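Architecture at a glance
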Amino acid sequence: MTWLITGGAGYIGAHVVRAMTDAGERTVVYDDLSTGIADRVPADVPLVTGSTLDGELLARTLAGHAVTGVVHLAAKKQVGESVERPLHYYRENVEGLRVLLEAVTAAGVRSFVFSSSAAVYGMPDVELVTEETPCVPVSPYGETKLAGEWLVRATGRATGLSTASLRYFNVAGAASPVLADTGVFNLVPMVFEKLTEDAPPRVFGDDYATPDGTCVRDYIHVADLAEAHVAAAHALQASPGRDLTLNIGRGEGVSVREMIDRINALTGHDRPPAVGPRRPGDPARVVASADRAAAELGWKAKHDIQDMITSAWAGWVRLHPEAARG
Ligand code: WQD
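Residues numbered from 1 in each chain as written. Predicted model: local features only at pLDDT ≥ 70, side-chain atom pairs only at ≥ 80, totals over all residues. Heavy atoms only, no water.

This next bit is on the pairing of strand S11 (residues 243–248). Among the 6 residues of S11, 5 are classified as buried, and the element is accordingly described as predominantly covered. Bridge count for strand S6 (residues 162–168) against S11 is 6 bridges, and the pairing is parallel. The partner of Ser165 across the bridge, within S11, is Thr245. (Buried < 20%, exposed > 50% of the residue type's maximum accessible area, 1.4 Å probe, protein only. Helix = DSSP H or I, 4+ residues; strand = E, 2+ residues; numbered from the N terminus. Pairing = 2+ DSSP bridges.)

Put into structure tokens, the structure is as follows:
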């Protein structure tokens, strides 16, 4: 099997490439390097630089490398940016996926793993989110991920392509410092950035109906997420015509304040947070039931919050040595 990993030069993509390679799979990375970093791609893995909107390059790449499976991670993923630039997000995330699926279908590729997101649920008012929880996205980003699932499922039903849509919850951590997330768009790196500036971390609202008033999320280590992709790829390879939609989370909710307290304790910065107004569109609680991924893939997360924060901090300090205390 040869797997095309679109977005394989990204934070999550680089972890998926390594996990697939470690599992004995041949991989080829396809990335437009708009946010991906070429150095993240291992020297022995071919890198094709291009957009998923380029149908001709995709066709040449799929044929040239005799690709039999695709893991599609390439997408724009900033919720706030998607509100400001919805058409950009629909073009990249939906039209890009449509062009890719056309090339995949024409090339006779048999398996397709799609990077979806907990954002498809919007603001679920449930203790644990299952795959049956209604999907009511509240951002154009979440809408593009839900529309993406529809395209993937419809193509699978029409052509026999085996498909798996993986709904990522909140990803954090790194398998090694060089693979850490370089973006500062999510809680953990945003807190790191404040601590590095000797400023108080920000809490976006502490008046939610949660135990400590701050939002609760399901954090998943990126290494566990990558393993979920390997398990999904193998499941699709083993049985043609599969149509899987799976939550990829730990099933444990952790609040913003708890995360900040643990980051303070681990980094030795001990900076009390500054509480500000709510961020529009933030649900109080989004925590996965991961039972279906366990049942369908035999996959379960192995890393805990401490692993995520410790490994993320090691990656942060590598790029911001001034952040290390003492
Ligand atoms: C987490 C919580 C913030 C920063 C989004 C996407 C989701 C996925 C992950 C792609 C929220 C609070 C944050 C800060 C804070 N991305 N916060 N202070 O919004 O849960 O999920 O990213 O798939 O699809 O929707 O993640 O890390 O932005 O925020 O209080 O400085 O931390 O309000 O409650 P989110 P996040």
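And the narrative resumes.
What follows is about the pattern of salt bridges. What the rule picks out here adds up to 14 salt bridges. Linking Arg278 and Asp207 is a salt bridge whose minimum nitrogen-to-oxygen distance equals 2.8 Å. Of the two residues, Arg278 sits in the loop between strand S13 (274–276) and strand S14 (285–286) while Asp207 sits in the loop between strand S8 (202–204) and strand S9 (216–217), which places them 71 residues apart along the sequence. Assessed through its relative accessible area of 44%, Arg278 is described here as partly exposed. Here Asp207 falls in the exposed class, since its relative accessible area comes to 52%. (Salt bridge = Lys/Arg side-chain N within 4 Å of Asp/Glu carboxyl O.)

Now for unusual backbone geometry. For Leu33, which is not glycine, the phi torsion reads 60° and is therefore positive. Its location among the elements puts Leu33 in the loop between strand S2 (26–31) and strand S3 (47–49). When its relative accessible area of 29% is taken as the criterion, Leu33 is described as partly exposed. Positive phi, close to 55°, is recorded for Asp198, a residue that is not glycine. Looking at where Asp198 falls in the secondary structure, it is placed in the loop between helix H6 (187–196) and S8. Take Asp198: its relative accessible area is 44%, and that puts it in the partly exposed class.

Buried residues dominate S6, accounting for 7 of its 7 residues. Alternating residues of S6 divide into Ser162, Ala164, Leu166 and Tyr168 and Thr163, Ser165 and Arg167, and every residue in both groups is buried. Each parallel crossover has a hand, and the one from strand S5 (residues 111–117) via helix H5 (residues 140–159) to S6 is right-handed. (Right-handed = clockwise from strand over helix to strand, strands pointing away.)

When its domains are assigned, the protein chain resolves into domain 1 (2–171 + 219–248) and domain 2 (173–217 + 251–286 + 303–325). Each of domain 1 and domain 2 has a C-alpha centre, and these two points are 26 Å apart. Facing 24 residues of domain 1, the contacting portion of domain 2 comprises 24 residues. Buried area between domain 1 and domain 2, summed over both chains or domains, comes out near 2,000 Å², and the portion from carbon and sulfur atoms is 60%. Of all residues in domain 1, the largest losses of buried area upon contact with domain 2 belong to Tyr11, Tyr219 and His221, amounting jointly to 37% of the total for that side. Our count for the domain 1 to domain 2 interface comes out at 1 salt bridge. Put simply, Arg285 and Glu127 hold a salt bridge, and the shortest N to O gap is 3.3 Å. The set of elements that each furnish at least two residues to the side of domain 1 that touches domain 2 consists of helix H1 (11–22), strand S10 (219–221) and helix H7 (222–238). Per element, the largest residue contribution to the side of domain 1 that touches domain 2 is 4 residues, and it comes from H1. Of the residues assigned to the side of domain 1 that touches domain 2, the class counts are 15 nonpolar, 5 polar and 4 charged. (Domains from an automatic or database assignment. Contact = heavy atoms within 4.5 Å. Buried area = accessible area lost by both parts, 1.4 Å probe. Nonpolar A, V, L, I, M, F, W, Y, C, P; charged D, E, K, R; others polar.)

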